[in-house]
Amino acid sequence: LSWSKNAALGDDKKEWYNRLDIECVHNKHLYLDAAMRYEILVKKYPYRADFYQRLAGEYIYAGKPDKAIQAYDRAQKTIGADDDISLQKVKLFTQLKKWSDAELELKKMIANNPKETIYYTYLADLYQQQNQPEKALGVYKNALKNDSLNPSIHLNLAEYYRQQNKYDDFYRELKKAFVSDDLDIDNKVRILRSYFDITMPSEKQP
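S.K.: So what exactly am I meant to see when it comes to the side chain of Glu58 here?
M.R.: Among the secondary structure elements, Glu58 is positioned in helix 4 (residues 49–61). It is Arg54 that comes nearest to the buried, bridge-free Glu58 among opposite-charge side chains, at 8.0 Å. Each residue touching Glu58, except ones within four places of it in the same chain, is listed here: His26, Tyr31, Ala34, Ala35 and Tyr38.

S.K.: Which parts of the structure should I look at to understand unusual backbone geometry?
M.R.: Among all residues save glycine, negative phi is the norm, and among peptide bonds the norm is trans. Of note, the phi angle at Asn131 is positive, near 60 degrees, even though the residue is not glycine. As for its placement among the helices and strands, Asn131 is situated in the loop between helix 8 (117–129) and helix 9 (133–146). Located in the positive-phi region is Asn165, a residue other than glycine, with phi close to 60 degrees. On the secondary structure map, Asn165 appears in the loop between helix 10 (151–163) and helix 11 (167–178). Judged by its relative accessible area of 55%, Asn165 falls in the exposed class.

S.K.: Sorry if this is basic, but what is going on with helix 7 (residues 99–112) here?
M.R.: Owing to its 3.6 residues per turn, the α-helix brings residues three or four apart onto one side. The terminal C-alpha atoms of helix 7 lie 20 Å apart, and with 14 residues this matches the ideal 20 Å at 1.5 Å per residue to within 8%. On its buried face, helix 7 sits against helix 5 (65–79), helix 6 (83–95) and helix 8.

S.K.: Can you walk me through the pattern of salt bridges in this structure?
M.R.: If charged atoms from side chains of opposite charge come close, those side chains can pair. Taken as a whole and judged by the stated rule, the model has 11 salt bridges. Arg54 serves as the salt-bridge partner of Asp50, at 3.5 Å between the closest nitrogen and oxygen. Of this pair, Asp50 and Arg54 both sit in helix 4, 4 residues apart, roughly one helical turn. Residue class for Asp50 comes out partly exposed when judged on its relative accessible area of 22%. Under the relative-accessibility criterion, Arg54 is labelled partly exposed at 31%. Two residues, Arg172 and Asp169, come together in a salt bridge whose shortest N-O distance is 2.5 Å. With Arg172 and Asp169 both in helix 11 and 3 residues apart, this pair spans about one turn of that helix.

S.K.: Explain the confidence of the model for the protein here, please?
M.R.: Caution applies to low-pLDDT parts of the model: their predicted coordinates are not meant to be read in detail. The pLDDT averaged across the protein works out to 86; a share of 87% of its residues lies at or above 70. Low confidence marks residues 202–206, where pLDDT is under 50. Its contacts with residues over four positions away, or in another chain, come to 7 contacts.

S.K.: Please explain helix 10 as it appears in this structure.
M.R.: With 13 residues, helix 10 extends 18 Å from end C-alpha to end C-alpha; this agrees with the ideal 18 Å at 1.5 Å per step. If you check the start of helix 10, you find a side-chain oxygen 2.8 Å away from the backbone N of Ser152, and it comes from Asn150. Just downstream of helix 10 lies Asn165, where phi reads positive at about 60 degrees.

S.K.: Could you clarify how one ought to interpret the packing of helix 8 against helix 9 in this entry?
M.R.: The axes of two packed helices give the description: the angle between them and the distance between them. The N-to-C vectors of helix 8 and helix 9 enclose an angle of 170 degrees; their axes lie 8 Å apart at closest approach. What the angle tells us is that helix 8 and helix 9 run roughly antiparallel. In the crossing of helix 8 with helix 9, the sense of the turn from one axis to the other is left-handed. For the pair formed by helix 8 and helix 9, the contact residues are Tyr120, Thr121, Leu123, Ala124, Asp125, Tyr127 and Gln128 on the first element and Lys135, Ala136, Val139, Tyr140, Asn142, Ala143 and Asn146 on the second. When its residues are assigned to classes, the contact of helix 8 with helix 9 shows 8 nonpolar, 4 polar and 2 charged.

The rules behind each value
Residues numbered from 1 in each chain as written. Predicted model: local features only at pLDDT ≥ 70, side-chain atom pairs only at ≥ 80, totals over all residues. Heavy atoms only, no water. Helix = DSSP H or I, 4+ residues; strand = E, 2+ residues; numbered from the N terminus. Buried < 20%, exposed > 50% of the residue type's maximum accessible area, 1.4 Å probe, protein only. Lys, Arg positive; Asp, Glu negative; His and termini not counted. Salt bridge = Lys/Arg side-chain N within 4 Å of Asp/Glu carboxyl O. Contact = heavy atoms within 4.5 Å. Expected span 1.5 Å × (residues − 1). pLDDT = per-residue confidence, 0-100. Polar contact = N/O pair within 3.5 Å; in protein donor to acceptor, adjacent residues only side chain to side chain. Axes fitted to C-alpha atoms, helices over the stretch in contact; angles between N-to-C directions. Parallel < 35°, antiparallel > 145°, perpendicular 65-115°, else oblique. Left-handed = near helix turned anticlockwise from the far one by under 90°. Nonpolar A, V, L, I, M, F, W, Y, C, P; charged D, E, K, R; others polar.

Next comes the structure, spelled out in structure tokens:
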């Protein structure tokens, strides 16, 4: 710790020395001290998204989730929209059961990336965690409006219907996914194996 601190202070314009010092402090479980050092780096390099993420990570290690969220907010305000940072915020909001905040963040991501189907899935999963299946269904339907032929959406919707024990709808969405040329044979085999144990009446098999 002494040598790493001296190196950072001796040439504080060298990012590497500062990061080495932070690593040493982190490895001693002095997470708030590490966060304070990242605060310095964030001021020196305000457009480095990775520094904000690491700063937030140190606050999370230190048991300061609100500070971590503030770090993510500062990153978005300075750098602009960043999907990785937004996803980290959603993860943190979910862990803290701040459902409305997580929902708002995901809706922003969808608005910025309407063709990114995975974000619709995250939002639908969020609703299902809150026992709101009808809202989840609405999300999948909105996703289909943007990309009706996307097999991933149909697969996610099929899984939704399976969890709701709506097997007619499940089979229908599964068939739509399987006729798509965008779903390769390896994935088709993997998916069929994953559903192998589901009891299906013979007349309803896809």
